[in-house]
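What the coordinates show
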Amino acid sequence: MDMMIYWDGPTILDNGRVQVIVVGYNHKMRLLLDTIIGKIMHFEVKADRFDVIKETSSQRKRSLLSITLKMFYFMVRSHRDVKKEK
């Protein structure tokens, strides 16, 4: 039996609604969609997992900021060096 299912995770829309797109061909697609909707509806946030995810997110933001500042510094320095050469 051929089976192709594509699941990219739920998308939270601007109006606060959740969009779930499941693409594929299989007689169990309805069961898959029901399972996904059930998991979303009964989702519980565990405090310890939330703290870990929150810290990881904060570390990524700090890393991104650091990289952005380094790139900006490099661009300014490169521009200054080019002006000196003229």
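Residues numbered from 1 in each chain as written. Predicted model: local features only at pLDDT ≥ 70, side-chain atom pairs only at ≥ 80, totals over all residues. Heavy atoms only, no water.

1. What about the overall build of the chain?
For the chain, the helix and strand inventory stands at 2 helices and 4 strands. The long-range fraction of contacts in the chain, counting pairs at least 24 apart against all pairs at least 6 apart in sequence, stands at 17%. On the chain, roughly 8300 Å² of surface is accessible, and the fraction owed to carbon and sulfur atoms is 60%. (Helix = DSSP H or I, 4+ residues; strand = E, 2+ residues; numbered from the N terminus. Contact = heavy atoms within 4.5 Å. Areas by Shrake-Rupley, 256 points an atom, 1.4 Å probe, with all protein chains shown as cover.)

2. A few points about the confidence of the model for the chain
Parts of the prediction with low pLDDT should not have their coordinates interpreted in detail. The pLDDT averaged across the chain works out to 79; a share of 84% of its residues lies at or above 70. Averaged over each element, pLDDT in the chain is lowest for strand 1 (residues 4-7) (55) and highest for helix 2 (residues 47-85) (85). (pLDDT = per-residue confidence, 0-100.)

3. Considerations on a nonpolar patch on the surface
Residues I12, V18, I37, I40 and M41 make up a contiguous nonpolar surface patch of about 470 Å² in total accessible area. If one sorts the elements of the nonpolar patch by residue count, helix 1 (residues 29-41) sits on top with 3 residues. As for its placement among the helices and strands, I40 is situated in helix 1. Under the relative-accessibility criterion, I40 is labelled partly exposed at 33%. (Patch = residues over 30% accessible without salt bridge, like charges linked within 9 Å, V, L, I, M, F, W, Y side chains within 5 Å. Salt bridge = Lys/Arg side-chain N within 4 Å of Asp/Glu carboxyl O. Buried < 20%, exposed > 50% of the residue type's maximum accessible area, 1.4 Å probe, protein only.)

4. Things to note about the pattern of salt bridges
Counted under the stated rule, the structure contains 2 salt bridges. For D34, the salt bridge is made with R30, and the minimal N-O distance between the two is 3.4 Å. Of this pair, D34 and R30 both sit in helix 1, 4 residues apart, which is roughly one turn of the helix.

5. Quick look at the environment of I21
Along the chain, I21 turns up in the loop between strand 3 (18-19) and strand 4 (22-25). Judged by relative accessible area, which is 46%, I21 ranks as partly exposed. It is 8.8 Å that separates the C-alpha atoms of I21 and L33, two residues lying 12 residues apart in sequence.

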